[in-house]
Amino acid sequence: MWELVKSGGWMMLPIILSSIAAVGIIAERLWTLRASRVTPEHLLGQVWVWIRDKQLDKEKLKQLRADSPLGEILAAGLANSKHGREIMKECIEEAAARVIHELERYINALGTIAAMSPLLGLLGTVLGMIDIFSSFMGAGMTTNAAVLAGGISKALITTASGLIVGIPAVFFHRFLQRRIDELVVGMEQQAIKLVEVVQGDRDVEMPEGKA
């Protein structure tokens, strides 16, 4: 493996650094974007229990904000529920914008790596080919085909390496973006339910054992 890296030349360094960054981003986002962490089950039902039992105070709101991204959105709406439906919705939308921005952290960087890695590999191959043919011309056209083929194969290592990094990065970029979209839709539905519940338009499913 080390011989392959050396054969690829100095352009292998940014490709390797890109692969390390991509793996780090993918691992961190897969852990952060778990549904159980972002949109805990029955959270809205628990909030309704607090409202029903008149337990919703500043400490409960603080606890709700720290609980999860969905909790942060619900807490923003509850803190302004006395000002009417429209103000409550505006506060929820403002909190949701902050939460979505946090969920999308590093996603653009991963997309950049996905697009850049194959180009770095191609650039490495082009530079390698230039060196090979420059040496070939400088040798007075005496370099044999085997040497030339060996040089070309080494030059192509950077292209292969760039694709090895870029293809998984593209896949996980699309996968994580799709997961974010699904989480955002789920939080939007929960927020709408909260507004309707607080305004008395509907009931909410109660957590198990909290009936």
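If you look the chain up in an unreviewed UniProt entry, it shows as MotA/TolQ/ExbB proton channel family protein from Pseudomonas vanderleydeniana.

A. Expanded view of unusual backbone geometry. The backbone of H42 shows a phi angle near 65 degrees, a positive value even though the residue is not glycine. Along the chain, H42 turns up in the loop between α3 (35–38) and α4 (43–52). Looking at H42, the relative accessible area reads 27%, which means it is partly exposed.

B. Region of the structure containing the UniProt feature "transmembrane region" (unreviewed entry) in the chain. Feature annotation in UniProt assigns "transmembrane region" (unreviewed entry) to the following positions: residues 12–31, 106–133 and 145–172. For residues 12–31, the end-to-end C-alpha separation is 29 Å, with 100% helix and 0% strand making up the annotated structure. Between the C-alpha atoms that bound residues 106–133 the distance is 40 Å, and the span itself is 96% helix and 0% strand.

C. Region of interest: the nonpolar core. In this structure, L64, I73, L74 and L194 are the most contacted members of the largest nonpolar core, which totals 39 residues. Elements supplying a minimum of two residues to this core: α2 (12–32), α4, α5 (58–67), α6 (69–79), α7 (85–103), α8 (107–138) and α9 (145–198). The dominant element in this core, judged by the number of residues it contributes, is α9, at nine residues. Look past the residues within four positions of I73 in its chain and what remains in contact with it is I92, A95, A96, V99, M187 and A191.

D. Structural view of the packing of aromatic side chains. In the structure shown here, the tally under the stated rule is three aromatic pairs. Seen from their ring centres, F171 and F172 are 5.1 Å apart, and the 85 degrees between their planes marks the pair as edge-to-face. Given the relative accessible area of 51%, F171 is considered exposed. For F172, a relative accessible area of 23% gives the class partly exposed. Geometrically, the ring pair formed by F172 and F175 is edge-to-face, given 6.4 Å between the ring centres and 85 degrees between the ring planes. One end of the pair is F172 and the other is F175, both in helix α9 and three residues apart, which spans about a single turn. By relative accessible area, which is 33% here, F175 ends up partly exposed. Among the aromatic residues, those joined into a cluster by ring pairs are F171, F172 and F175.

E. Main features of a nonpolar patch on the surface. A surface patch of nonpolar side chains, about 690 Å² in accessible area, is lined by W10, L119, L122, L123, V126, L127 and I130. Note on placement: V126 falls in helix α8. Given the relative accessible area of 41%, V126 is considered partly exposed.

F. Summary view of the confidence of the model for the chain. The predicted model of the chain averages 83 in pLDDT, with 82% of residues at 70 or higher. The weakest mean pLDDT in the chain belongs to helix α1 (residues 2–8) at 64; the strongest belongs to α2 at 94.

G. Examining α4 more closely. Inspection of α4 places L43, L44, G45, V47, V49 and W50 among the buried residues, and these make up the whole buried set. K54 lies just past α4 and shows a positive phi near 55 degrees.

Cut-offs applied
- Residues numbered from 1 in each chain as written.
- Predicted model: local features only at pLDDT ≥ 70, side-chain atom pairs only at ≥ 80, totals over all residues.
- Heavy atoms only, no water.
- Helix = DSSP H or I, 4+ residues; strand = E, 2+ residues; numbered from the N terminus.
- Buried < 20%, exposed > 50% of the residue type's maximum accessible area, 1.4 Å probe, protein only.
- UniProt positions renumbered as here; feature names shortened; annotations may be inferred.
- Core = buried A, V, L, I, M, F, W, Y, C linked by side-chain atoms within 4.5 Å.
- Contact = heavy atoms within 4.5 Å.
- Phe/Tyr/Trp six-rings, centres within 6.5 Å; stacked < 30°, edge-to-face > 60°.
- Patch = residues over 30% accessible without salt bridge, like charges linked within 9 Å, V, L, I, M, F, W, Y side chains within 5 Å.
- Areas by Shrake-Rupley, 256 points an atom, 1.4 Å probe, with all protein chains shown as cover.
- Salt bridge = Lys/Arg side-chain N within 4 Å of Asp/Glu carboxyl O.
- pLDDT = per-residue confidence, 0-100.

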